Amino acid sequence: MDSDESLMLAWAAGDATAFETLYGRHRQRLYRFLLRQLRDGPLADELFQDIWQKVVTARHGWRPEALFTTWLYRIAHNRLADHWRALQHRPPAPDDADARTERVPDPDTPERQLSDFEQRRQLQVALDTLPPEQREVVLLRLEQELTLEEIGEVTGVGRETVKSRLRYAMDKLRAHLGSATA
């Protein structure tokens, strides 16, 4: 039977089965250690994954200066210390956290997507009813965020004409969209 240290060196050299053997030897004991420390299954799962990720990341720099198990549990100890330290700086979740979370609207529900689509469709229909010069001014102002002066330069009309077209166009859009939702 290969030692943990020789398996770790073999794995660092590219032998994937060596890692599988190491993982198989230590996963249950490490998980039980974490579970007893934390008394929280999902949190133990999370830290367990973090610890093995650190093992994976550090494999090339690992040297057999100490037993593999010592090194592995040192990583676990440090990860637990990080967890406890973070808890000291983080207030506990309120008792009604789940209820609060359920009240937060999901911005990506099918109903909301349909509603957004319908609003965009209604806006496009309303824009299509505008005379071309009013539609152009609205699009340059709202979509391109140009100033009245810049719109005047683009369209070749004065600032007051742009302002007038924009005002008339916005009034027509409000009237059209107001009647569409009524």
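Residues numbered from 1 in each chain as written. Predicted model: local features only at pLDDT ≥ 70, side-chain atom pairs only at ≥ 80, totals over all residues. Heavy atoms only, no water.

1. What to know about the packing of aromatic side chains
Within the structure shown, the criterion is met by ten aromatic pairs. Plain terms: the ring middles of Tyr-23 and Trp-52 are 4.9 Å apart, the flat faces sit at 65 degrees to each other, and that makes the pair edge-to-face. Taken as a pair, Tyr-23 in helix α2 (residues 16-38) and Trp-52 in helix α3 (residues 41-58) lie far apart in primary sequence, 29 residues in all. By relative accessible area, Tyr-23 is classed as partly exposed at 27%. Counting every residue linked through ring pairs, the aromatic cluster contains Trp-11, Phe-19, Tyr-23, Tyr-31, Phe-48 and Trp-52. Over the aromatic face of Trp-11 sits the side chain of Arg-59, whose NZ or CZ is 4.9 Å from the ring centroid. Cation over ring: Arg-167 sits above Tyr-168, and NZ or CZ is 5.0 Å from the ring centre. (Phe/Tyr/Trp six-rings, centres within 6.5 Å; stacked < 30°, edge-to-face > 60°. Helix = DSSP H or I, 4+ residues; strand = E, 2+ residues; numbered from the N terminus. Buried < 20%, exposed > 50% of the residue type's maximum accessible area, 1.4 Å probe, protein only. Lys NZ or Arg CZ within 6 Å of the ring centre and 35° of its normal.)

2. Side note on the pattern of salt bridges
Going through the model one piece at a time under the given rule, you end up with seven salt bridges. Its salt-bridge partner being Asp-4, residue Arg-25 comes within 2.6 Å of it at the nearest N-O pair. With Arg-25 in helix α2 and Asp-4 in helix α1 (residues 4-12), this residue pair connects regions lying 21 residues apart in the sequence. Note that Arg-159 is salt-bridged to Glu-149, the shortest N-O span being 2.6 Å. (Salt bridge = Lys/Arg side-chain N within 4 Å of Asp/Glu carboxyl O.)

3. Here we look at α1
Every buried residue of α1 is accounted for by Asp-4, Glu-5, Leu-7, Met-8 and Trp-11. Buried positions in α1, seen along its axis, are confined to an arc of 160 degrees and lie on one side of it. Gly-14 sits one or two residues past α1 and shows a positive phi near 115 degrees. (Arc of directions from axis to C-beta.)

4. Here we look at the environment of Arg-59
Inspection of the secondary structure puts Arg-59 in the loop between α3 and α4 (68-89). What makes Arg-59 partly exposed here is its relative accessible area of 21%. It is 8.1 Å that separates the C-alpha atoms of Arg-59 and Leu-9, two residues lying 50 residues apart in sequence. Excluding residues within four positions of it along the chain, Arg-59 makes contact with Met-8, Trp-11 and Ala-12. There is a polar contact of 3.5 Å between the side chain of Arg-59 and the side chain of His-60. (Contact = heavy atoms within 4.5 Å. Polar contact = N/O pair within 3.5 Å; in protein donor to acceptor, adjacent residues only side chain to side chain.)

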